[in-house]
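Listed below are the residues making up each chain.
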Amino acid sequence: MRVSTSQIYDQSMNNVTRSLSDYLNVNEQVATQKKLNAPSDDPAGMGNVVNLRSYDQTLESYYNNTEYAGSLLGTADGLLSEASEVMISVKEQVEQGSTGTYTDDQQQSMAVNMIGYQDAMLAIANAELGDDYLFSGESTDTAPYEYVPGVTVTGDSPAESDFVSFTGSLDDPVIVEFTSDGTIGTDAVDYRYSLDGGNSWLTGTMDGTATPPDTTMELGDVSVEMNAGTAVTAYDSDDKTGGQFVVRNSMQYNGADEAMAINISESTELEVNSVGSDIFGGIDPDTGEPFPDPNMFEAMSDSIAYMWIGDEHGTATTLETIDDGYNNMLIETSNVGAREEKADFTGQSLELTRERVASAISDEEDADSAELSVELSRAEYIYNAVLSSTSNVISMSIMNYL
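Only a predicted model underlies this, so the values are computations on that prediction, with no experimental measurement involved. (Residues numbered from 1 in each chain as written. Predicted model: local features only at pLDDT ≥ 70, side-chain atom pairs only at ≥ 80, totals over all residues. Heavy atoms only, no water.)

**Here's the deal with the overall build of the chain**
For clarity, the cut-off: Only DSSP runs of H or I with at least four residues qualify as helices, and only runs of E with at least two residues qualify as strands; both kinds are numbered from the N terminus onward. Throughout, radius of gyration means the C-alpha value; the globule benchmark is 2.2 Å times the number of residues raised to the power 0.38. Remark: exposure states derive from per-residue accessible area (1.4 Å probe, protein chains only) relative to the maximum for the residue type, with buried under 20%, exposed over 50%, and partly exposed in between. Throughout, a contact is declared for two residues whenever any of their heavy atoms are within 4.5 Å. We get accessible surface area from the Shrake-Rupley algorithm with a probe of 1.4 Å; when it comes to residues, only the shown protein chains can shield them. Only four residue types enter the tally: Lys and Arg on the positive side, Asp and Glu on the negative side, with His and both chain ends excluded. The atom standing in for a charge is NZ when the residue is Lys, CZ when it is Arg, CG when it is Asp and CD when it is Glu.
For the chain, the helix and strand inventory stands at eight helices and 14 strands. In terms of C-alpha radius of gyration, the chain reaches 40 Å, well past the compact-globule figure of 21 Å for 402 residues. Overall size of the chain, expressed as C-alpha extent along the three principal axes, is 145 × 50 × 30 Å. Put simply, the chain has 402 residues, and 42% of those count as buried. Intrachain contacts of the chain at a sequence separation of at least 6 include 69% that bridge at least 24 residues. Entry remark: accessible area of the chain is about 20,600 Å², with carbon and sulfur atoms responsible for 47%. Looking at the chain, you have 14 positive and 71 negative side-chain charges, and the mean spots of the two groups are 23 Å apart.

Okay, structure coming up:
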């Protein structure tokens, strides 16, 4: 077979190019310390690496969720412990107020203390971590509680169901007493109210004979709308009978009915906050009615109202609900602690799994340094040898023998 000079030159250059490519490839592996730098290096291996990295990203997302859950639940756990301490003080105060051994002035001082405890509980119930409220369920951007006017009926009539709505705001409780008998919306019913705990009184009339009938009671900064047809009787301060009630602050719950849950694994969800009404109670804004017992906020509000008018028997009626509310809070604290522990354990498990995945990725794509060093020397030797032989071949010519 005839071999032309051109073929010899082409073959020589191909050898140089191939050995140079091998040398550069090994050199790149040495620089990156990875044996897979492009899919062409090992298509199957690179596919495994891509799948493992995708899985690791999923694990990282779950791990970050456990960290987030741990932060929220840990903060809530601490806050509920503080709330429990406040509740112990509340119980002590209510027990004192129900003994009947204190004067009206002393009971009003207790009511002022209770208002302070109520403010402290409101601050806890409205606590945030970052921009997320801890006790508003899925409505994490909504403050769970706000003050709204509410009522404690302390006399024979009317009943709580006879009140339609309250508007305005108040600082101290307002004592209201009917001073005449009659039917609201039909008769002209007189009443008096005190903004300073009974030290002084103002008067008013709901004129049911007017057109349209007047069913609204004006009490300073608060207005009370009552049901037409409600029969009331004048309050007798000696016999403690008749129509009397106290307008005081209530806590309206504005959060969601379901706790916010996030995935901490492929098949596991974890509730990372709480529904405030399940812990603290308060008023349902949809119905205007209190949540079911043990409604701690309403029991505190009723205690304040009873202390405000010096009614130790009324104060005693709230003690059981407050005690149940305290126990309910301890149960919720335990529940939050259990969820926090679950987030912690799951996070540790995910961390171990991610370490195994990282090891698998390393086995697939990382290079052996000692092996690479030998490989680099071999590639360099081959390249130099090819260069030398090519140089000799190219310099050969028939002209050299003529």
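Still more ground to cover, so stick around.
**What to know about helix 5 (residues 296–308)**
For an α-helix, the turn length of 3.6 residues means that residues three or four places apart are oriented alike. Note the threshold: To estimate the expected span of a helix, subtract one from its residue number and multiply by 1.5 Å.
Between the first and last C-alpha of helix 5 there are 18 Å, a value that for 13 residues agrees with the 18 Å anticipated at 1.5 Å per step. Most of helix 5 sits out of view: 13 of its 13 residues are buried. Downstream of helix 5 by one or two residues, Gly310 has phi in the positive range, about 70°.

**Here's the deal with the side chain of Ser265**
Where we set the bar: Throughout this description, a polar contact denotes any pair of N or O atoms lying within 3.5 Å of each other; where both atoms belong to protein, one of them has to be capable of donating a hydrogen while the other can accept it, and for residues adjacent in sequence the pair is counted only when both atoms sit in side chains.
Tracing the backbone through its elements, the reader meets Ser265 in strand 13 (residues 261–265). A polar contact of 2.9 Å, which involves the side chain of Ser265, links it to the side chain of Thr268.

**Quick notes on the sheet that holds strand 10 (residues 222–226)**
What links the strands of a sheet is backbone hydrogen bonding, and the strands pair in either a parallel or an antiparallel sense. Definition in use: When DSSP locates at least two bridges between a pair of strands, those strands are taken to pair. Helix axes use the C-alpha atoms of the stretch in contact, all axes being lines fitted to C-alpha atoms, and the angles between their N-to-C directions lie in the range 0 to 180 degrees.
Here we have three strands laid out as an open sheet, ordered 4-10-9, and antiparallel in their pairing. The open sheet has two free edges, formed respectively by strand 4 (163–168) and strand 9 (216–219), since each of these has just one partner strand. Within this sheet the neighbouring strands show an average axis-to-axis angle of 15°, counted without direction. Pairing of strand 9 with strand 10, which is carried by four bridges, proceeds in the antiparallel orientation. Bridging from a neighbouring strand, Glu218 pairs with Ser223 of strand 10.

**Concerning the nonpolar core**
Spelled out, the test is: Side-chain atoms within 4.5 Å link the members of a nonpolar core, which is a set of buried Ala, Val, Leu, Ile, Met, Phe, Trp, Tyr and Cys residues.
Membership of the largest hydrophobic core comes to 51 residues, with the highest contact counts inside it found for Met87, Met121, Phe280 and Met329. Put simply, the parts of the chain that give this core at least two residues each are helix 2 (43–97), helix 3 (104–125), strand 12 (244–253), strand 13, helix 5 and helix 7 (319–365). In contact with Phe280, not counting residues within four places along its chain, are Leu80, Met121, Ile124, Ala125, Phe135, Tyr145, Asn295, Met296, Phe297 and Met329. In this structure, Phe178, Tyr191, Tyr193 and Val247 belong to the second largest nonpolar core, which totals 20 residues.

**Things to note about the packing of helix 2 against helix 7**
Each pair of packed helices can be described by the angle between their axes along with the distance between the axes. Going by this rule: Any angle that is under 35 degrees is reported as roughly parallel, and any over 145 degrees as roughly antiparallel; angles of 65 to 115 degrees are reported as roughly perpendicular and all others as oblique. Should the near helix be turned counterclockwise from the far one by less than a right angle, the crossing is left-handed, whereas a clockwise turn marks it as right-handed. All amino acids are sorted into three groups, where Ala, Val, Leu, Ile, Met, Phe, Trp, Tyr, Cys and Pro are nonpolar, Asp, Glu, Lys and Arg are charged, and the leftover types, Gly among them, are polar.
Running from N to C, helix 2 and helix 7 cross one another at 160°; their axes reach a closest spacing of 7 Å. It follows that helix 2 is roughly antiparallel to helix 7 by the angle criterion. Helix-helix and strand crossings are classified by hand; for helix 2 and helix 7 the assignment is left-handed. Per-class residue counts for the contact of helix 2 with helix 7 are 26 nonpolar, 12 polar and 14 charged.

**Regarding the pairing of strand 5 (residues 174–178)**
Most of strand 5 sits out of view: five of its five residues are buried. Alternating residues of strand 5 divide into Val174, Val176 and Phe178 and Ile175 and Glu177, and every residue in both groups is buried.

**Some thoughts on the sheet that holds strand 3 (residues 145–153)**
Spatially, five strands are ordered 3-12-5-7-8 in an open sheet, and the strand pairing comes out antiparallel. The open sheet has two free edges, formed respectively by strand 3 and strand 8 (202–207), since each of these has just one partner strand. Strand after strand, the sheet turns through a mean of 30° between neighbouring axes, direction not considered. As judged from the nine bridges shared by strand 3 and strand 12, these two strands associate in the antiparallel manner. For Thr152, the partnering residue across the bridge sits in strand 12 and is Val246. Along the sheet, helix 3 makes contact with strand 3 and strand 12, crossing strand 3 at roughly 140°. Sheet contacts for helix 5: strand 3, strand 5 and strand 12; angle to strand 12, the most-contacted strand, approximately 155°.

**Things to note about the pattern of salt bridges**
Inclusion rule: Any Lys or Arg side-chain nitrogen found within 4 Å of a carboxyl oxygen on Asp or Glu counts as a salt bridge.
Tallied over the full model, the rule gives nine salt bridges. Arg53 serves as the salt-bridge partner of Glu365, at 2.6 Å between the closest nitrogen and oxygen. Of this pair, Glu365 sits in helix 7 while Arg53 sits in helix 2, and the two are 312 residues apart along the sequence. By relative accessible area, Arg53 is classed as partly exposed at 40%. In this structure, the salt-bridge partner of Arg248 is Asp302, at a minimum N-O distance of 2.8 Å. With Arg248 in strand 12 and Asp302 in helix 5, the pair connects residues that are 54 residues apart, well separated along the chain. Here Arg248 and Asp302 have matching classes, each one buried. Salt bridges linked by common partners bring Lys34, Arg53 and Glu365 together as one network.

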